[in-house]
Amino acid sequence: MQIDNPGANNRTSLFGEITTEAEFSHDVHGEGFYSFNLMVPRLSDTYDTLPITISERIMDKAKFIPGNHMYLSGQIRSYNNYIEEERRNRLVLTVFAKDYEFRDDTLGESPNDVFLDGYICKPPIYRTTPFGREIADLLLAVNRSYNKSDYIPCITWGRNARFGAKLVVGDNIKIWGRMQSRIYQKKQDDGEVLEKTAFEVSVSKLEHNNQSNFEANSQQ
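Fair warning: this is a prediction, and the values are worked out from it, not measured in the lab. (Residues numbered from 1 in each chain as written. Predicted model: local features only at pLDDT ≥ 70, side-chain atom pairs only at ≥ 80, totals over all residues. Heavy atoms only, no water.)

Q: Even after reading the chapter, I still don't get the pattern of salt bridges, so can you show me in this structure?
A: As a working rule, side chains carrying opposite charge can pair if their charged atoms are close by. One pass over the structure, following the stated rule, counts 10 salt bridges. Residue R57 is joined to E31 by a salt bridge in which the shortest nitrogen-to-oxygen separation is 3.7 Å. Linking R57 in the loop between β4 (47-55) and β5 (69-83) with E31 in strand β3 (residues 31-41), this pair joins segments that are 26 residues apart in sequence. Overall, R57 belongs to the exposed group, its relative accessible area being 60%. Here R162 ties to E134 by a salt bridge, and the two come within 2.4 Å at their closest N and O atoms. Of this pair, R162 sits in helix α1 (residues 158-164) while E134 sits in strand β9 (residues 134-144), placing them 28 residues apart in sequence. What emerges from the salt-bridge pattern is a single network uniting R42, D48 and R178. (Salt bridge = Lys/Arg side-chain N within 4 Å of Asp/Glu carboxyl O. Helix = DSSP H or I, 4+ residues; strand = E, 2+ residues; numbered from the N terminus. Buried < 20%, exposed > 50% of the residue type's maximum accessible area, 1.4 Å probe, protein only.)

Q: Looking at this structure, how should I read the pairing of strand β2 (residues 23-28)?
A: For a regular strand, the rule is simple: side chains alternate between the two faces of the sheet. Relative to β3, β2 runs antiparallel, the two sharing five bridges. Within β3, the residue paired with E23 across the bridge is S35. (Pairing = 2+ DSSP bridges.)

Q: I would appreciate a short explanation of the side chain of T53 in the present structure.
A: Turning to its location among the elements, T53 is positioned in strand β4. Among the polar contacts listed, one links the side chain of T53 to the side chain of T94, at a separation of 2.8 Å. (Polar contact = N/O pair within 3.5 Å; in protein donor to acceptor, adjacent residues only side chain to side chain.)

If you want it as structure tokens, here you go:
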């Protein structure tokens, strides 16, 4: 299939290996959607395992099996999922596939490429790691059709983090980077420690109001 341009303000392309069976996810007006995981390589010989959602209308279901490699283009989408044990909504991210092709290598293209154009919708959180690395967490609202928005967590590093920490709610920014999976531990009220996975965009380049352009090394 020919890879298309899925949207001016929200573009994602990924190459990787399917690691789970495609399972039915939900139905919208008679159109079924399936989900599966895609293992996407990093430059550091590690991997991100990312959730993918795809319409049954463009699926060749016989080929969506673990072990097959594919290149896809689409958009990052978000939705709220109610967690009964936590009694709260949790923001869930997925890559909504618009087009794809099965192939065995990247053909020189980046295996993980994200572009977003959106608005800061929550005050940035700036912090430093125990090793002194600067980080700023941003929550970006990206508009899409039918008056909807996707809320996408982004993480910035170094001078991007210092700049990002100064942004305010309502600022329009563009970011380039990659989508990553990050495993973390969360302690429950009863003392039990659970291992969870967060998904976010690791920012390599950030642009504010088409005037300033800041770059930092992305975490690989």
